Amino acid sequence: MQDLSLHLLDIIENSVRAGASLVKILIDVDEKKDTLIFKIIDNGSGMDPETLNNALNPFYTSKTSRKKKIGLGISLFKQITELCEGSLHVESELGKGTNLEATFKKSHIDRMPIGSLADTLIGSLIGHSETDFYLKITHNTLKQSFEYEFDTRLLKEELGDIPLTYPDVIQYIIEDVNNGIKNTKMGEI
Amino acid sequence: MKTLADLKKIREKAQKDMKLRNTGSRFKIVVGMGTSGIAMGAREVMKTFLDEISTRQLVDVIVSQTGEKGLSSMEPVVDVIEDGKEIITYGNMNPERVKKVVSEHIVNGQPVADFIISRD
């Protein structure tokens, strides 16, 4: 995977497959601290200590339906954080959910570009309409602070029984998320 | 910038549409979004479906994402499920192929034989 937002998508998919009804995606860039942090917090099925220990092993998967017992997602993400002096931490509790935090040194020469964050977020929000998403982007530059929030719970409340895949709703989400990313200067990272 | 008033307009228009059609969704599109699918371009496939649905105003199509389907060598993989018909699975999808599937299968009802990898 050639950009960070593809890894983010893979982690979001894990949360949805864990049965989460709410996934919080928090993205924080701090130019002074030179950090880029992704937090993905879900209220899915969570992992017991043994599964959590195994989660960072590329030769393990929790998906019992698989013939191929290899789950690369989280271990790949960990590897790319460590390549640029960052780290990945996962906390999880069975029945309560999982919190994943990936930290990157923003200026590191080996840090992947963030890529199309908008496409990752738009696809997830609309493609998992049964799951609620709360998104918050914070970007502190040396001079200014930018912030963007999107909450599908509020959107669904306004829409009533209109599905998120209704054409004009898709257009609304595409425009809102793209504007949010543009206004927080995330496209330049 | 879109506002709550825009959302209200969308809701009113959609409610009128739904009343007129008086039916649910005719097509369900499911894009495989496992790790190998993502690495092979499933995100761009999903985005192209959303763009096409929005641009063509396809009000009776829903699109969703799912995990891996065990067809890693043919990722990105997409199921097209039409009410009362067999499930058609397309493989090795990319944005250009998505546009062809939308135009020929979803809009005109003719599955694109060249891209089909299984029928259920």
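Please read these numbers as outputs of a predicted model, since none were measured by experiment.

Let's talk about the pattern of salt bridges
Right, on to step 1. Here the structure, examined in full by the defined rule, presents 20 salt bridges over all chains.
Right, on to step 2. A salt bridge links Glu147 of chain A to Lys136 of chain A, with the nearest nitrogen and oxygen atoms 3.9 Å apart. Here Glu147 of chain A is found in strand 6 (residues 145-151), whereas its partner Lys136 of chain A is found in strand 5 (residues 132-140), with 11 residues between them in sequence.
Right, on to step 3. Take Lys136 of chain A: its relative accessible area is 25%, and that puts it in the partly exposed class.
Right, on to step 4. Its salt-bridge partner being Glu52 of chain B, residue Arg56 of chain B comes within 3.0 Å of it at the nearest N-O pair.
Right, on to step 5. Glu52 of chain B gets classed as buried once you look at its relative accessible area, which sits at 13%.

Comments concerning unusual backbone geometry
One can expect most non-glycine residues to show negative phi and most peptide bonds to be in trans.
Right, on to step 1. Geometrically, the link from Glu75 of chain B to Pro76 of chain B is a cis peptide bond, its omega value of -10 degrees lying close to zero.
Right, on to step 2. The residue Pro76 of chain B is located in the loop between strand 2 (61-66) and strand 3 (78-82) in this model.
Right, on to step 3. Even without a glycine there, the phi angle at Lys185 of chain A is positive, about 60 degrees.
Right, on to step 4. Mapped onto the elements of the fold, Lys185 of chain A is located in the segment after helix 6 (167-183).

Description of the pairing of strand 6 of chain A
All names here are of chain A.
Right, on to step 1. As defined by bridge partners, strand 5 adjoins strand 6 across 7 bridges and the pair is classed as antiparallel. Bridging from a neighbouring strand, His139 pairs with Phe146 of strand 6.
Right, on to step 2. Connecting the antiparallel pair strand 5 and strand 6 is a turn made up of 4 residues.

Some points on the confidence of the model for chain B
Right, on to step 1. Summing up the model confidence of chain B, the mean pLDDT is 90 and the portion of residues at 70 or higher is 96%.
Right, on to step 2. Here the prediction assigns the complex a pTM of 0.91, and the interface score ipTM is 0.90.

Considering the environment of Arg26 of chain B
Residue and element names in this part refer to chain B.
Right, on to step 1. Secondary-structure assignment places Arg26 in the loop between helix 1 (4-21) and strand 1 (27-32).
Right, on to step 2. Taking the C-alpha atoms as reference points, Arg26 and Asp83, 57 residues apart in sequence, are found 5.7 Å from one another.
Right, on to step 3. Among all residues touching Arg26, those that are not within four sequence positions of it are Asp60, Ile81, Glu82, Asp83 and Ile106.

So, the interface of chain A and chain B
Quite often, the size of an interface is put as the accessible area lost when its parts meet.
Right, on to step 1. Chain A puts 37 residues into the contact, and the matching count from chain B is 36 residues.
Right, on to step 2. Counting each side, the surface lost to burial between chain A and chain B is near 3300 Å², with a carbon and sulfur contribution of 63%.
Right, on to step 3. Summed over the three residues of chain A that lose the most area to chain B, namely Glu158, Tyr166 and Tyr172 of chain A, the buried surface amounts to 19% of that side.
Right, on to step 4. One can count 3 salt bridges joining chain A with chain B.
Right, on to step 5. The salt bridge involving Lys47 of chain B is made with Asp119 of chain A; its shortest N-O contact spans 3.8 Å.
Right, on to step 6. Viewed at the interface, chain B and chain A are joined by 13 residue pairs in polar contact (both at pLDDT 80 or more).
Right, on to step 7. Listing elements by their share of the side of chain A that touches chain B, those giving two or more residues are helix 1 (4-17), helix 4 (117-127), helix 5 (152-159) and helix 6 of chain A.
Right, on to step 8. With 10 residues, the single largest contributor to the side of chain A that touches chain B is helix 6 of chain A.

Procedures and definitions
Residues numbered from 1 in each chain as written. Chains lettered and ligands numbered in written order. Predicted model: local features only at pLDDT ≥ 70, side-chain atom pairs only at ≥ 80, totals over all residues. Heavy atoms only, no water. Salt bridge = Lys/Arg side-chain N within 4 Å of Asp/Glu carboxyl O. Helix = DSSP H or I, 4+ residues; strand = E, 2+ residues; numbered from the N terminus. Buried < 20%, exposed > 50% of the residue type's maximum accessible area, 1.4 Å probe, protein only. Pairing = 2+ DSSP bridges. pLDDT = per-residue confidence, 0-100. Contact = heavy atoms within 4.5 Å. Buried area = accessible area lost by both parts, 1.4 Å probe. Polar contact = N/O pair within 3.5 Å; in protein donor to acceptor, adjacent residues only side chain to side chain.

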